[in-house]
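Commentary on secondary and tertiary structure
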Amino acid sequence: MTMPKEEDETVRVPGALGALGSDDPSVRLRAALAVGSAPDRGSVDELVERCAVEPDFSVREMLTWALTRHPPSVTVPRLLPEVRSESAQARSQALHTLSKIGDRRAWPVITPALLSDADDEVARSAWRAAVVLVPEGEEHGLAVGLATQLGRGGRETRLSLSRGLIALGEAAVPVLAAAATDPGPEVRAHAIATERLRRDPDAGFECAVEEAKRVVALGVAGQEE
């Protein structure tokens, strides 16, 4: 799409980095696009810092894109400290960006504490990043770690976790089987729903969840009898 001349000039002036702090999200979006279109190592710090405070989702996505345009040798070391930030948004966006970069040298930053972060958005970002960054041969251990979060949160959180476990392939199968016998009904239902979704991706998460709830309810009724 051809941009109007005045907008085209706005995003190409040397002050594009300064425009990242504009009150207008459309200006911030064009500024992030400009920075990513002409990668410069000197812009990485400001891009990362902006990720931690940017309120607009579309702009954050453009900031992440701009960071992926720079060498991982520059961006990854700068993002790793953000994962340990006190700011939930800084942690979440750094993890999201690391998952997009896909450099497995970032794997050690994925700790059990991150996988169980109290903030749902941070935890979801950690799950996605973990699945991308996990080294070959460590998928089962990651599946065990992810399974500790089964039954957590609302629909979007549970769907994110299910997708992460499914993405681990066969490594998740025995873990889900074990979780399907967990004493907690929410954990059992989530594990069963995830396994059903793994077997039949076209079934849809809601259908898998409803069927899993019926299975769990029947199991409880059977035990009461």
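Residues numbered from 1 in each chain as written. Predicted model: local features only at pLDDT ≥ 70, side-chain atom pairs only at ≥ 80, totals over all residues. Heavy atoms only, no water.

**Looking at the packing of helix 2 (residues 25-37) against helix 4 (residues 57-68)**
Where helix 2 contacts helix 4, the axes come no closer than 8 Å and their chain directions differ by 10°. For the element pair helix 2 / helix 4, the angle class is roughly parallel. Of helix 4, the residues touching helix 2 (which contributes P25, R28, L29, A32, L33, G36 and S37) are S58, V59, M62, L63, W65 and A66. Residue composition of the contact of helix 2 with helix 4, by class: nine nonpolar, three polar and one charged. (Axes fitted to C-alpha atoms, helices over the stretch in contact; angles between N-to-C directions. Helix = DSSP H or I, 4+ residues; strand = E, 2+ residues; numbered from the N terminus. Parallel < 35°, antiparallel > 145°, perpendicular 65-115°, else oblique. Contact = heavy atoms within 4.5 Å. Nonpolar A, V, L, I, M, F, W, Y, C, P; charged D, E, K, R; others polar.)

**Concerning empty space enclosed by the protein**
With a probe scaled to a water molecule rolled over the atoms, the places where space remains empty come into view. Inspection of every chain in the model, using the stated rule, returns one cavity of 30 Å³ or more. Counted as a void, the largest cavity has a volume near 40 Å³. Every residue lining the largest cavity is listed: V48, C51, A52, L79, E82, A90, Q93, A94 and T97. Of all the secondary structure elements, the ones that give two or more residues to the lining of the largest cavity are helix 3 (44-51) and helix 6 (88-101). Top contributing element to the lining of the largest cavity by residue count: helix 6, with four residues. Split by residue class, the lining of the largest cavity holds six nonpolar, two polar and one charged. (1 Å grid on protein atoms, 1.4 Å probe; cavity = no way out; pocket = protein on both sides within 12 Å on 5 of 7 lines; lining within 4 Å. Points joined across faces, edges and corners; volume = space filled by probe spheres on them.)

**As for the nonpolar core**
Residues L95, I110, L115, L142, L146, L150 and L165 are the most contacted members of the largest nonpolar core, which totals 52 residues. The element that contributes the greatest number of residues to this core is helix 8 (residues 120-133), accounting for seven residues. Ignoring anything within four residues of it in the chain, the contact list for L146 reads L115, W127, V131, L161, G164, L165 and L168. (Core = buried A, V, L, I, M, F, W, Y, C linked by side-chain atoms within 4.5 Å. Buried < 20%, exposed > 50% of the residue type's maximum accessible area, 1.4 Å probe, protein only.)

**As for the layout of surface pockets**
Approximately 170 Å³ is the volume attributed to the second largest pocket. Along the walls of the second largest pocket sit F57, R60, E61, A88, Q89, S92, Q93, H96, E121, S125 and R128, which together make up its complete lining. Only helix 4, helix 6 and helix 8 provide two or more residues apiece to the lining of the second largest pocket. Tallying contributions element by element places helix 6 first for the lining of the second largest pocket, with five residues. When grouped by side-chain class, the residues that make up the lining of the second largest pocket number two nonpolar, five polar and four charged.

**Looking at the confidence of the model for the protein**
Residue-level pLDDT values for the protein average 88, and 84% of them are 70 or greater. Here residues 220-225 is a poorly scored stretch, pLDDT under 50, and it has one contact once near neighbours within four places are set aside; other chains count. (pLDDT = per-residue confidence, 0-100.)

**A look at the environment of G184**
With respect to the helices and strands, the residue G184 is situated in the loop between helix 11 (173-179) and helix 12 (185-199). On a C-alpha basis, the gap between G184 and L150 in space is 9.9 Å, while along the polypeptide they are 34 residues apart.

**Describing helix 3**
For helix 3, the complete set of buried residues consists of V44, L47, V48, R50 and C51. An end-on view of helix 3 places all buried positions within 165° of arc, on one side of the element. The inward-facing, buried residues of helix 3 contact helix 2, helix 4, helix 5 (72-79) and helix 6. (Arc of directions from axis to C-beta.)

**Considerations on the pattern of salt bridges**
The final tally for this structure, using the stated rule, is 15 salt bridges. Measuring nitrogen to oxygen at the nearest pair gives 3.7 Å for the salt bridge that ties R128 to E121. For R128, a relative accessible area of 32% corresponds to the partly exposed category. Residue classification places E121 among the partly exposed positions, given a relative accessible area of 37%. (Salt bridge = Lys/Arg side-chain N within 4 Å of Asp/Glu carboxyl O.)

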